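One-letter residues, chain by chain:
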Amino acid sequence: QGRVVALLFLDLDGFKRVNDTLGHSVGDQLLQAVADRLKERLRGDDFVARPALDESGMHLARLGGDEFTVVLPHLEDAQVVGLIADRLQAMLAQPFHIGSQEVTVTSSIGIALFPGDGDDASTLLKHADTAMYHAKSLGRNNWQLYDRSLTTAAIRRLALENDLRKAIERDEFRLFYQPQVLAADGTIVGVEALIRWQHPEHGLVSPGDFIPVAEESGLIVPLGEWVMRTACRQLVDWQERGALVPRVAVNISATQVRGADFIGAVSSVIDETGIGADQLELELTESILMDPDLRRIEGLSRLRARGVHFSIDDFGTGYSSLSYVKRFPISMLKIDQSFVRGLPDSANDAGITTAIIAMARSLGLEVIAEGVENARQADFLRRAQCDKLQGYLFSRPLPAAEVEQLLLQGRI
């Protein structure tokens, strides 16, 4: 008929968290409520005054899980699709009342158009799904039109995931270490372990390129455990060579912490390597603190009682809240380099940095600033009574052998 057909692929953001925190029965009721709301309100005149978008012109389906599709088979103007996607998201963002619970969800929507994005159902579904994942990667709660470049990116991502699996088997990962020093005198008080991937064809691959893929694929769990074990072994090796290493810091992902036996895995690494538990620091992201699961908090508290330190990485960039800091066994805050970068000239960065330091001190927490690159930044942080500093002013991340020389000196 020479008309555009639109396929909207809708996925609920954070649905797994609803299942995990409120239970699968609440999750099932939420899906039913979403379907009911879509059926009741998905009418043409709710969106635009256009005869071609009457009730018979929209088709709703649930594909499975928390995925829904809307098909618009009689569009005369493709621009209408964006308006409909906006209204869908606004509709679903209104709170749902499930029994005594009030649940709020958002949605990410991918859109594929016939005939430009595919001339059969499976191709349109695949491309709308790809566009939906692109919407999620941009922060969720938005909609995106399919573009051919997304398929190219998806193919590259799949290739990267396959290479990642092989890299773990082939031992292609390396750890670099960046010293952390006392602000007062430059004494080395720890090192942060930073992963690098020595790809056989592409050379050194940035963590920013492969860590998100590892997170999405679940490979971050074995990879994160490898980092922890390798860093602890290295610390013990340095000590045997006469180098004093007070503490090694390792980044931990939310996926690892939510794993079935994260607490046991950390304990096993400590026991196997012989490292002192108080020499291990686990850097958590603020997103981990958003999950109030009591068993998880109790597990982390057991590790803290054994001696393991916990810090909040990139503090101030996510869901900063005193209640989260108080609830978890945190001993240190890391000021994100995005705030340090503007010091001392930016009044906003100076104010935020000073406030974080004052808050940490009032709560009895240590505080470290990362990304310190020049003497003026370091001087400001010292005057603000920041305990520790880390950054290129003192040392770049270095291979273990080069870090050993710095550790033998004891200060920078």
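**Here's the deal with the environment of His134**
By the secondary structure assignment, His134 is in helix H5 (residues 121-137). Taking relative accessible area as the criterion, His134 reaches 25% and is therefore assigned partly exposed. In this structure, the C-alpha to C-alpha distance between His134 and Glu102, residues 32 residues apart in sequence, is 29 Å.

**So, helix H7 (residues 207-217)**
An α-helical turn contains 3.6 residues, so any two residues separated by three or four positions project in the same direction. Among all positions of H7, only Phe210, Val213 and Ala214 are buried. The buried side chains of H7 occupy one side of the element, clustering within an arc of 105° when seen end-on. Residues of H7 that are exposed and point over 90 degrees away from its buried face: Gly208 and Glu216.

**Things to note about the sheet that holds strand S2 (residues 59-64)**
Taken in spatial order, the 5 strands of this open sheet run S2-S3-S1-S6-S7, and their pairing is mixed. Unpaired on one side and paired on the other, S2 and strand S7 (143-145) mark the two borders of the sheet. Across the sheet, the axes of successive neighbouring strands diverge by a mean angle of 20°, strand direction being ignored. Where strand S6 (residues 106-114) lies against S7, 3 bridges are found, and the strand directions are parallel. Pairing of Ile109 across the sheet is with Trp143, part of S7.

**Thoughts on the environment of Val213**
Position of Val213 among the secondary structure elements: in helix H7. According to the relative accessible area criterion, Val213 is buried, its value standing at 7%. With 131 residues separating them along the chain, Val213 and Gly82 place their C-alpha atoms 29 Å apart. If near-sequence neighbours (up to four positions away) are discounted, Val213 is found in contact with Arg157, Leu160, Glu161 and Leu164.

**A short note on the pairing of strand S9 (residues 188-199)**
For S9, the tally of buried residues reaches 11 of 12 residues, placing the bulk of the element in the interior. Across 9 bridges, strand S8 (residues 173-182) lies against S9 in antiparallel orientation. Across the sheet, Gln180 pairs through a bridge with Gly190, a residue of S9. Taking the residues between adjacent antiparallel strands as the criterion, S8 and S9 are bridged by 5 residues, where Gly186 takes a positive phi near 80°. Two strands pair when backbone bridges link them, and S9 and strand S11 (residues 248-251) are joined in this way by 3 bridges, in the parallel orientation. Its bridge partner lying in S11, Glu192 is registered against Ala249. Pairing geometry for S9 and strand S10 (residues 203-205), over 3 bridges, is antiparallel. Across the sheet, the residue bridging to Gln198 is Leu204, located in S10. Counting the residues that bridge the hairpin from S9 to S10 gives 3 residues.

**Overview of the confidence of the model for the protein chain**
On average, residues of the protein chain score 88 in pLDDT, and 94% of them reach the 70 mark or higher. When the elements of the protein chain are averaged for pLDDT, helix H3 (residues 44-47) gives the smallest value, 43, and strand S16 (residues 388-390) the largest, 98.

**Details of the packing of H5 against helix H6 (residues 148-170)**
Two measures define how a pair of helices packs: the angle their axes make with one another and the distance between the axes. At a minimum axis distance of 10 Å, the contact between H5 and H6 shows a crossing angle of 75°. In terms of orientation, H5 lies roughly perpendicular with respect to H6. On the side of H5, the interface is formed by His127, Thr130, Ala131 and His134, while H6 contributes Leu150, Thr151 and Ala154. Split by residue class, the contact of H5 with H6 holds 3 nonpolar, 4 polar and no charged.

**As for the pattern of salt bridges**
Tallying each qualifying case throughout the model produces 18 salt bridges. Measuring nitrogen to oxygen at the nearest pair gives 3.1 Å for the salt bridge that ties Glu192 to Lys334. With Glu192 in strand S9 and Lys334 in strand S14 (residues 332-335), this pair connects stretches of sequence that are 142 residues apart. The pair Glu192 / Lys334 is uniform in exposure class, with both members buried. In this structure, Arg229 and Glu272 form a salt bridge, with 3.1 Å as the shortest nitrogen-oxygen distance. Residue Arg229 is found in helix H8 (residues 220-240), and its partner Glu272 is found in helix H10 (residues 262-273); the two are separated by 43 residues along the sequence. A relative accessible area of 52% places Glu272 in the exposed class. Each of the salt bridges in this network shares a partner with another, and the network as a whole consists of Glu192, Glu283, Lys334 and Glu370.

**Remarks on unusual backbone geometry**
That bond from Phe114 to Pro115 is cis: its omega, 10°, falls within 30 degrees of zero. A positive phi is found at Asn141, a non-glycine position, where the angle reads about 55°. Within the element layout of this structure, Asn141 appears in the loop between H5 and S7. Of note in the backbone geometry, Asp171 takes a positive phi value of approximately 55° without being a glycine. Among the structural elements, Asp171 can be located in the loop between H6 and S8. Classification of Asp171 as partly exposed rests on a relative accessible area of 46%.

**Observations regarding the nonpolar core**
Leu280 and Leu389 are the most contacted members of the largest nonpolar core, which totals 83 residues. Of the residues forming this core, the biggest block, 9 residues, is contributed by H8. Beyond its immediate stretch of four places on either side in the chain, Leu389 contacts Pro179, Gln180, Val181, Ala183, Ile368, Ala369, Val372, Ala378, Leu381 and Phe394.

Definitions and limits used
Residues numbered from 1 in each chain as written. Predicted model: local features only at pLDDT ≥ 70, side-chain atom pairs only at ≥ 80, totals over all residues. Heavy atoms only, no water. Helix = DSSP H or I, 4+ residues; strand = E, 2+ residues; numbered from the N terminus. Buried < 20%, exposed > 50% of the residue type's maximum accessible area, 1.4 Å probe, protein only. Arc of directions from axis to C-beta. Pairing = 2+ DSSP bridges. Axes fitted to C-alpha atoms, helices over the stretch in contact; angles between N-to-C directions. Contact = heavy atoms within 4.5 Å. pLDDT = per-residue confidence, 0-100. Parallel < 35°, antiparallel > 145°, perpendicular 65-115°, else oblique. Nonpolar A, V, L, I, M, F, W, Y, C, P; charged D, E, K, R; others polar. Salt bridge = Lys/Arg side-chain N within 4 Å of Asp/Glu carboxyl O. Core = buried A, V, L, I, M, F, W, Y, C linked by side-chain atoms within 4.5 Å.

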